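So the chains spell out like this:
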Amino acid sequence: MLDLRAQFESIAPEIRAAVEEVLTSQQFVLGPQGEAFEREVAEASGTRHGVGLASGTAALELGLHACGVKAGDEVIVPAFTFIATGSAVSALGARPVFADVEPATFNLDPDQIEARITPRTRAIVVVHLFGLAADMDPILAVAQKHGIPVIEDNAQSFGATYRGRKTGSTGRLGCLSFYPSKNLGAYGDAGMIVTSDEKLANRLRALRNHGQTGQYLSTERGWNCRLDEIQAAILRVKLRHLADWTAKRQEHARLYDSLLKDLPGIVLPRAPSGSEHVYYLYTIRVEGRAGGYTRPNDKGNEARSDLVQQRLKERGIASMVYYPVPLHLQPLYALLGGKPGDLRVSERASREVLSIPLYPEMTTEQIQRVVEAVRAAVRD
C-alpha cells in the first residue's frame, strides 16, 4: 500500500542533517524546531496558530476538551471513520452520537446532523476522509444555528481544499495526525491542532504540558502530549516536499481513473466541484455481494470487495478495507444499542470500500500492474 523506504531514500541527506541538528542542540522537547513547524503548518492550513502534539488522537482529545466537552455531554461524529474519532469522545466521558455519511464522498452527511442535536450536544466532529473535504458550509450553518463548535478531524486530508479554503481552517479548530502513513508522516507518532483563535491556542499549549501556564504552575489538569523536536525537524523537511508529493498523488489518481473508468461494478472516487482531493487513499467501491464468500467473523456479510481483495492478494497486490466495521457497530459501543440497519450508508460503505496502492513514488508500470490485477479480480 505504501513504500516509505522509497520516500526516505529520496530525501535521506536532508533528514539526516535535520536530525543531526537536533542531536547537536540537545534540545528535545518544546524547542525551536517545534515552534517553527507550528508556524509552517498553521500557514499551510490557512490558520494563525499551530499547537504541536504527540499524536492525532491527542489532538482530538485536547480539542474536544478545550471546546468544553466533558463527562455526560454528547458529540456528533460520523459512523464511517477510524475508531479514534469516537474513542476521543469516550476518553472524556462523553457519548458519541453517530451520524450517517454521504454515499458519494463517505463524509458526514449535513442532513443527518439537525435531528441528532439535543440539549447535551457540545460539539460536532467532521472527518475529512481519505483526502477529501466534507461539505462544510451546510454543516457550519447548522452548527452556528445551535451555537455548537465544529471540530475538524483533518488527520487524512492535510492540504485539501473546500471552496478555496484549506481543510482544518473552517471550524473552531482542526486536528492533524502525522502518523507515518499519512501524506505528511513523521518517523513515529505526532500531531497538531490548528486554529485562528489565539486564546484557544494558548490554552491548548498549556493543556499539552500538564496544564502549566508558568514554570511548575498548573491552572488546570492537563496532558503530557508534546511534540518532540526530532519529529518536528523531520516533518519540517518533509513539509517542503509535500506539494510535489501531492501533485504526484493526484497524477496517479487521474491515471487510475482513466484505466478503471469502464469497469462494471466499480465506482471510482470523485471530488465534488470546488473541492481538491489529496488522495491519502485511492478508495474504490466494489458493488454487490459475492455469493458464498463471507468476511471472517462476520456471518452473512458476503461482500464482493472481500473476494476482490483476496484475488488481488493472490496476484501479489496489496489492498485494504478502511473501515470494515462502522463505529455504531463496534464492540466498544455495544452498550449504546446500535444495530445493523441503523446507518445504512455507512454499513454499505464498510462492505464495498477497497483501497488500492497509491503513493508518490509509484511508477506508471506499477499502477498498470495494479489495474490489470483489479480488472482480473473483478472479472474472475
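Residues numbered from 1 in each chain as written. Predicted model: local features only at pLDDT ≥ 70, side-chain atom pairs only at ≥ 80, totals over all residues. Heavy atoms only, no water.

Q: Can you explain the sheet that holds strand 13 (residues 275–276)? Please cite residues and give values.
A: Pairing in this open sheet of three strands is antiparallel, and the strands run 7-6-13 from one edge to the other. Edge positions in the sheet fall to strand 7 (165–166) and strand 13, since each has one partner strand and no second. Where strand 6 (residues 161–162) lies against strand 7, two bridges are found, and the strand directions are antiparallel. Each bridged residue has a counterpart across the sheet, and for Y162 the counterpart in strand 7 is R165. (Pairing = 2+ DSSP bridges. Helix = DSSP H or I, 4+ residues; strand = E, 2+ residues; numbered from the N terminus.)

Q: Let's hear about the packing of aromatic side chains: which residues, and what values?
A: Enumeration according to the criterion identifies twelve aromatic pairs in this entry. With a centroid separation of 5.2 Å and an interplanar angle of 65°, the aromatic rings of F98 and Y333 are classed as edge-to-face. On the criterion of sequence distance, the pair formed by F98 in strand 3 (residues 95–99) and Y333 in the loop between helix 8 (304–314) and helix 9 (344–352) is long-range, its members being 235 residues apart. This pair shows no difference in class: F98 is buried, exactly as Y333 is. Members of the aromatic cluster, connected to one another through ring pairs, are F80, F82, F106, F130, Y322 and Y323. Positioned above the aromatic ring of W223 is the side chain of R221, whose terminal nitrogen or guanidinium carbon lies 4.6 Å from the ring centre. (Phe/Tyr/Trp six-rings, centres within 6.5 Å; stacked < 30°, edge-to-face > 60°. Buried < 20%, exposed > 50% of the residue type's maximum accessible area, 1.4 Å probe, protein only. Lys NZ or Arg CZ within 6 Å of the ring centre and 35° of its normal.)

Q: Could you give an account of the packing of helix 1 (residues 4–25) against helix 7 (residues 229–260), naming the residues involved and the relevant values?
A: As a packed pair, helix 1 and helix 7 sit with axes 9 Å apart at the nearest point and diverge in direction by 145°. The two elements helix 1 and helix 7 meet at a crossing, and its hand is right-handed. Only E229, I230, A233, I234, V237, K238, R240, H241 and W245 of helix 7 make contact with helix 1, whose side of the interface consists of Q7, I11, E14, I15, A18, V19, V22 and L23. Looking at side-chain class alone, the contact of helix 1 with helix 7 contains eleven nonpolar, two polar and four charged residues. (Axes fitted to C-alpha atoms, helices over the stretch in contact; angles between N-to-C directions. Left-handed = near helix turned anticlockwise from the far one by under 90°. Contact = heavy atoms within 4.5 Å. Nonpolar A, V, L, I, M, F, W, Y, C, P; charged D, E, K, R; others polar.)

Q: Outline helix 6 (residues 198–207), supporting the account with residue identities and numerical values.
A: Regarding helix 6, the residues found buried are L200, A201, L204, A206 and L207. The inward-facing, buried residues of helix 6 contact strand 1 (49–53), helix 3 (56–66), strand 8 (173–177), strand 9 (191–195) and strand 10 (212–214).

Q: Tell me what's going on with the pairing of strand 4 (residues 121–127), and back it up with residues and numbers.
A: In terms of residue burial, strand 4 counts as a mostly covered element, since six of its seven residues are buried. In the sheet, strand 2 (residues 74–78) pairs with strand 4 via three bridges, with the strands oriented parallel. Counterpart to I76 in the pairing with strand 4 is I124. Both strand 4 and strand 5 (residues 150–153) contribute to a ladder of four bridges, which runs parallel. Within the sheet, the bridge partner assigned to V127 lies in strand 5 and is D153. For the crossover from strand 4 across helix 5 (residues 136–146) to strand 5, the handedness is right-handed. (Right-handed = clockwise from strand over helix to strand, strands pointing away.)

Q: Residue-level account of a nonpolar patch on the surface, with values.
A: Residues L23, F28, V29 and L30 make up a contiguous nonpolar surface patch of about 290 Å² in total accessible area. By the element assignment, V29 lies in the loop between helix 1 and helix 2 (32–45). (Patch = residues over 30% accessible without salt bridge, like charges linked within 9 Å, V, L, I, M, F, W, Y side chains within 5 Å. Areas by Shrake-Rupley, 256 points an atom, 1.4 Å probe, with all protein chains shown as cover. Salt bridge = Lys/Arg side-chain N within 4 Å of Asp/Glu carboxyl O.)

Q: Pulling in residues and values, what's your account of the nonpolar core?
A: If you look at the biggest cluster of nonpolar residues, it comprises 37 residues, and the most contacted ones within it are F80, Y256, L260, Y282, L312, I356 and V374. If you list the elements that add at least two residues to this core, you get helix 7, strand 14 (282–286), helix 8, strand 15 (353–356) and helix 10 (364–379). No other element matches helix 10, which puts seven residues into this core. Setting aside anything within four residues of it in sequence, one finds V374 in contact with L260, L263, L312 and I356. Formed by 34 residues, the second largest nonpolar core is a distinct cluster that contains V77, L92, F98 and V125. (Core = buried A, V, L, I, M, F, W, Y, C linked by side-chain atoms within 4.5 Å.)

Read these as spatial facts, not as claims about activity.
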